[in-house]
Each structure stands twice: as C-alpha cells, then as structure tokens.
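Fold and geometry: a report
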Amino acid sequence: HAGAVEACAELAQQATREEAERAGLAVRRVSLRWRNPADVPDAFERAALERLEIEAKAGALPVEVIEVAPATAGNPAELRYLRPIVVAPLCLGCHGAPADLAPGVAEALARRFPADTATGYAAGELRGAVSVRVRLP
C-alpha cells in the first residue's frame, strides 16, 4: 500500500546507515534503475551491476562480487564488495509493473521520487546490490 513507500524509503536507508556506523563501513544500496538518488552507482558499482545483470540473465548470478580497488591520486585503496539484491514477490508491490501497483502506490512514488526508474521488475530479476566499501591501510 502507499504507506509502505514512505516507510521503506525512510527505514531502509536509516537501517543501512546504522549498520554501517556500527561496523565502521560505508554501506549503501545501488541500482542501475534507482528510485532514490542516493542509490545512483559510482563507476565501479555501475560496471559491476552491468556484469551482474548479464550473469543474472544467463542464469549464473554470483552470490557476491569482491575486488580490491588500488589507491589513486587522493584516494586510498579499498575493498569493494557487492551482494546482489533479487526481486522477491513482496517487492512487486512497489517495484512491479506500474499498471499492477496498488491504488495510491504509484502516486506516492511519483510524489516522493519524481525521477523514479525502479518499476517494471518481475520476481527473480536483479534489482541492484548492497555495496560495501572498506578503506585499506
């Protein structure tokens, strides 16, 4: 229902930030078809998500992506970790075909996220990933 849009938008972001603070990590959700501008992937995440999408369509979605990004001018080396997020049937209430959304949901999404690109999914599709960055010494 429409109230779920507001709750998920706030609670998911807050829970992600709190977990990251507890662990001393940078953690966020990312997607090629984001709803929240905070979920726009950086260059590394975009490339990884594009590879994951190809692998998912081939039926070979890995459980995780792990890579060490070398230090660059002004940036330390980092461990980069992505865990894919797959659309579950419950997710379709807000991420399914726009015509199938419950009354009020499409309006709530349009109001809160006017540039939303995160609808039209089917169960089992790759939605995005949880992205973790760990600064290396």
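I will try to describe carefully the structure that is included in this document. Please read these numbers as outputs of a predicted model, since none were measured by experiment. (Residues numbered from 1 in each chain as written. Predicted model: local features only at pLDDT ≥ 70, side-chain atom pairs only at ≥ 80, totals over all residues. Heavy atoms only, no water.)

1. Quick notes on the sheet that holds strand β4 (residues 126–135)
Inclusion rule: Between any two strands, pairing holds if DSSP finds at least two bridges. Helical segments are the DSSP runs of H or I of at least four residues, strand segments are the runs of E of at least two, and each set is numbered from the N terminus. Each axis is a line fitted through C-alpha atoms, taken for helices only over the stretch in contact, and angles between the N-to-C directions span 0 to 180 degrees.
Overall, antiparallel pairing links the 4 strands, which are arranged β1-β4-β3-β2 in an open sheet. One side of each edge strand has no neighbouring strand; the edge strands of this open sheet are β1 (26–30) and β2 (65–69). Averaged over neighbouring strand pairs, the angle between their axes works out to 20° when direction is ignored.

2. Focus on the nonpolar core
So the rule is basically this: Nonpolar core, defined: a set of buried Ala, Val, Leu, Ile, Met, Phe, Trp, Tyr and Cys residues in which side-chain atoms within 4.5 Å join the residues together. Only protein chains enter the accessibility calculation, which uses a 1.4 Å probe. A residue is then buried if its area is under 20% of the maximum for its type, exposed if over 50%, and partly exposed in between. The contact definition used throughout considers only heavy atoms, calling two residues in contact when any of these lie within 4.5 Å.
If you look at the biggest cluster of nonpolar residues, it comprises 9 residues: Val30, Phe44, Ala48, Leu49, Leu52, Val65, Leu82, Leu126 and Ala129. Of all elements in the fold, only α2 (43–57) and β4 reach the threshold of two or more residues within this core. Here Val30 is in contact with Asp39, Pro41, Glu45, Leu49, Gly128, Ala129 and Ser131, once residues within four sequence places are set aside. Membership of the second largest hydrophobic core comes to 7 residues, among which are Val105, Ala108, Leu109 and Phe113.

3. Structural notes on the side chain of Ser131
Condition: By the criterion applied in these results, polar contacts are pairs of N or O atoms within 3.5 Å in which, for protein atoms, one can donate a hydrogen and the other can accept it, and in which residues neighboring in sequence qualify only through two side-chain atoms.
Within the secondary structure, Ser131 sits in strand β4. Among the residues examined, Ser131 registers a relative accessible area of 1% and is labelled buried. Among the polar contacts made by the side chain of Ser131, one reaches the side chain of Glu45 at a distance of 2.5 Å.

4. Digging into the pattern of salt bridges
Rules: Any Lys or Arg side-chain nitrogen found within 4 Å of a carboxyl oxygen on Asp or Glu counts as a salt bridge.
A full pass over the atoms with the stated rule returns 8 salt bridges. A salt bridge links Arg80 to Glu45; its shortest N-O distance comes to 3.4 Å. Of the two residues, Arg80 is situated in strand β3 (residues 78–86) and Glu45 in helix α2; the sequence distance between them amounts to 35 residues. The exposure classification of Arg80 matches that of Glu45, with both residues buried. A salt bridge links Glu64 to Arg83; its shortest N-O distance comes to 3.7 Å. Placement of the pair is Glu64 in the loop between α2 and β2 and Arg83 in strand β3, with a sequence separation of 19 residues.

5. Observations regarding α2
Applied cut-off: By this rule the span expected of a helix is its residue count minus one, scaled by 1.5 Å. Comment: arc refers to directions from the helix axis out to C-beta atoms.
The terminal C-alpha atoms of α2, which comprises 15 residues, lie 21 Å apart, in line with the 21 Å expected from a rise of 1.5 Å per residue. Of the residues making up α2, those classed as buried are Phe44, Glu45, Ala48, Leu49 and Leu52. One side of α2 holds all its buried residues, which, seen down the axis, span an arc of 120°. Facing away from the buried side of α2 by over 90 degrees, the exposed positions are Ala43, Ile54 and Lys57.

6. Quick look at helix α4 (residues 105–112)
Those residues of α4 that fall on the buried side of the exposure criterion are Val105, Ala108 and Leu109. The buried residues of α4 occupy an angular sector of 100° when projected down its axis, which confines them to one face.

7. Quick word on the pairing of β3
As defined by bridge partners, β2 adjoins β3 across 5 bridges and the pair is classed as antiparallel. Its bridge partner lying in β3, Glu67 is registered against Arg80. Alignment of β3 against β4, held across 9 bridges, turns out to be antiparallel. Paired with Arg80 across the bridge in β4 is Arg133.

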